[in-house]
Amino acid sequence: MSDATKSVFARKALTAKGWENNVLVRVDGLGRIIAVAPESAAESASYSVDVLLPAQSNLHSHTFQRAMAGLSEARSPAGRDSFWTWREIMYRFLDILDPEDIESIAAFAFMEMLESGYASVAEFHYVHHQPGGQPYARLGELSERIAAAASATGIGLTLLPVAYMQGGVDGRALAGGQLRFGNDLERYVELVEQAKAAAKSVGPDAGFGVAPHSIRAVNERDLKAIEQQFQGVPFHIHIAEQIPEIEEVEAAYGQRSMSWLLDHLPVNERWCLIHATHMNDQETQRVAVSGAVVGLCPITEANLGDGIFNGVNYLRDGGRFGTGSDSNIRIAPSEELRQLEYSQRLRDVSRVTLSLEGKSCGRTLYDTALAGGAQALGRQSGSIAPGKWADMLALDVENTALFGLANDRLLDGWIFAGDRQAVSDVWSAGRHVVRDGRHHARAEVIAAYKKRLASILEKV
Ligand SMILES: [Zn+2]
């Protein structure tokens, strides 16, 4: 990143004021937008594009799972496959990964995120220790590997070290692959401090938060202690993804998991509730007014057969959401939004379901996810406006999905007819990491990934 001010001229830009023609965006040496102003010609800019958009934040990712894509789609001999049979495959898979593997997969996934139009990511990072559970010489070794991958690719990182303390609500011990996740509260606090330092080393736009894995993996006392200890930073948790998990919590605590959480912890703007797939109407309404963001991962939720989020009621009640690539089986923000909308259409036998008055469906989805994603990451981004990090992307108007389209219809064309190939350029906090659809370190990142993957696949 150079220290000099730079500028991007856009013939069409979606700024904080809406769609504008002929705009010059000026960015300072740190990567913050300092001015957004009309400009008659591109000559004064250091770079020019046809269509400039704010770039999305990916609010939920487990990068290591990217290397599992294609490995869990064969039917198991036991019969019915589910999230839980997939989880067994995932636990066996992660147990063979070493720190080099984890860094290399993370860099590859981050590169794909950038090329598809995400400028930043919240990495929900839960593999901390060696296979068997022995910590590395530095407790934060694997957090540092994630940070190194973020530095190498230039993605904006919010690092979320995950607390995972028990194998179920009954307090049973961790077993198998889970041994790599475990920390008691004291060691978790130490880990967060190391992860915070690792994130800080990435750049001024990087940050950290805390993430108790779920109600089943962290008991009430520790959940409350983490909430108290780390005030003012993002707080992420998986919740209500699977019906058996809700039933397990209900049997032990006497309430459905989301109701229990809302009654026992101060769920507010710093919270990101990952999945929230199975909520009843009352829970949907309560979360919508809580100020928290729901972290939807529609492609992963479809792949895992989780179920369908009640998006129509949630949006009607003013709920906030963003999207995450979660298992990273397919990485593309526009496709997450399409999958989300299509799940509602198929369930309701209806069309244009997630759309606010006066806005197209694509525009509603895009705007809502921008705001929700930035809030969930605790990142000053989500719009092209002075003071925000310059997280931006350019669309390629020569992409076949975009021919003849303008303004909100461009978003509709990209989301419903296009894919990540429509993205030509991406800036993360002003770092121009993708040009002509290609990440600047693409060749090296892919070469390293393929090498690691070949040795991983020999062990699977
Ligand atoms: Zn997850």
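Judged by pairing direction, the sheet is parallel, and its four strands sit side by side in the order β10-β11-β12-β13 without closing on themselves. Because the sheet does not close on itself, it has two edges, and the strands there are β10 (235–239) and β13 (320–323). Neighbour-to-neighbour, the strand axes of the sheet open up by a mean angle of 30°, direction not taken into account. The sheet contact formed by strand β12 (residues 293–296) and β13 spans four bridges and is parallel. Considered in β13, the bridge of Leu 296 is made with Thr 323.

To continue, consider the pattern of salt bridges. Oppositely charged side chains can pair when the atoms bearing their charge come close. Across all of its chains, the model carries 29 salt bridges by this definition. Measuring nitrogen to oxygen at the nearest pair gives 3.6 Å for the salt bridge that ties Glu 141 to Arg 138. A salt bridge links Glu 220 to Lys 224, with the nearest nitrogen and oxygen atoms 2.8 Å apart. You can see Glu 220 and its partner Lys 224 sitting in helix α5 (residues 220–229), four residues apart, about one turn around the helix. On the basis of relative accessible area, Glu 220 is assigned to the partly exposed category, the value being 29%. If you follow the salt bridges from partner to partner, you end up with Glu 100, Glu 103, Arg 138, Glu 141, Glu 144 and Arg 145 in one network.

Here the focus is a nonpolar patch on the surface. The grouping of Leu 71, Leu 457 and Val 460 at the surface amounts to a nonpolar patch, some 250 Å² of accessible area in total. On the secondary structure map, Leu 71 appears in the loop between β5 (56–61) and α1 (83–94). When its relative accessible area of 34% is taken as the criterion, Leu 71 is described as partly exposed.

On to the sheet that holds strand β15 (residues 423–428). Pairing is mixed in the open sheet, where eight strands are placed in the order β3-β2-β1-β4-β14-β15-β16-β17. Each of the sheet's edge strands pairs with one partner strand only, and the pair in question is β3 (33–38) and β17 (438–439). One ladder, built from five bridges, connects strand β1 (residues 6–15) with strand β4 (residues 47–54); its direction is parallel. Its bridge partner being in β4, Ala 10 is matched across the sheet by Val 49. In the packing of helix α12 (residues 361–377) onto the sheet, the strands contacted are β1, β2 (18–27), β4 and β14 (392–395), and the crossing angle to β4 comes to about 85°.

This next bit is on the pairing of strand β16 (residues 431–435). Among the five residues that make up β16, four are buried, leaving the element largely enclosed by the rest of the structure. In this sheet, β16 lies alongside β15 in antiparallel orientation, the contact comprising three bridges. Paired with Val 426 across the strands is Val 434, a residue of β16. Counting the residues in the hairpin turn of β15 and β16 gives two residues, including Ala 429, whose phi is positive at 45°. By the bridge criterion, two bridges tie β16 to β17 in an arrangement that is antiparallel. If you follow Val 434 over to β17, its bridge partner there is His 439. In this antiparallel pair of consecutive strands, β16 and β17, the connection spans two residues, and Asp 436 shows a positive phi of 50°.

Before going further, it helps to spend a moment on the packing of helix α11 (residues 333–348) against helix α13 (residues 408–417). One can describe the packing of α11 onto α13 by two numbers: an axis separation of 8 Å at closest approach and a directional angle of 80°. With respect to α13, the axis of α11 lies roughly perpendicular. Side by side, α11 and α13 meet where Ser 334, Leu 337, Arg 338, Glu 341, Tyr 342 and Arg 345 of the first sit next to Trp 414, Ile 415, Phe 416 and Ala 417 of the second. Considered class by class, the residues forming the contact of α11 with α13 number six nonpolar, one polar and three charged.

Coordination of the zinc ion by the protein comes from His 60 (NE2), His 62 (NE2) and His 238 (NE2), over a distance range of 2.1 to 2.3 Å. In terms of primary sequence, the donors binding the zinc ion are separated according to H-x1-H-x175-H. Of the two residues, His 60 sits in strand β5 while His 238 sits in strand β10, which places them 178 residues apart along the sequence. The exposure class assigned to His 60 is buried, which follows from its relative accessible area of 0%.

Reading the values: rules and limits
- Residues numbered from 1 in each chain as written.
- Predicted model: local features only at pLDDT ≥ 70, side-chain atom pairs only at ≥ 80, totals over all residues.
- Heavy atoms only, no water.
- Pairing = 2+ DSSP bridges.
- Helix = DSSP H or I, 4+ residues; strand = E, 2+ residues; numbered from the N terminus.
- Axes fitted to C-alpha atoms, helices over the stretch in contact; angles between N-to-C directions.
- Salt bridge = Lys/Arg side-chain N within 4 Å of Asp/Glu carboxyl O.
- Buried < 20%, exposed > 50% of the residue type's maximum accessible area, 1.4 Å probe, protein only.
- Patch = residues over 30% accessible without salt bridge, like charges linked within 9 Å, V, L, I, M, F, W, Y side chains within 5 Å.
- Areas by Shrake-Rupley, 256 points an atom, 1.4 Å probe, with all protein chains shown as cover.
- Contact = heavy atoms within 4.5 Å.
- Parallel < 35°, antiparallel > 145°, perpendicular 65-115°, else oblique.
- Nonpolar A, V, L, I, M, F, W, Y, C, P; charged D, E, K, R; others polar.
- Donors = N, O, S within 2.8 Å, 3.2 Å for Na, K, Ca; no water.

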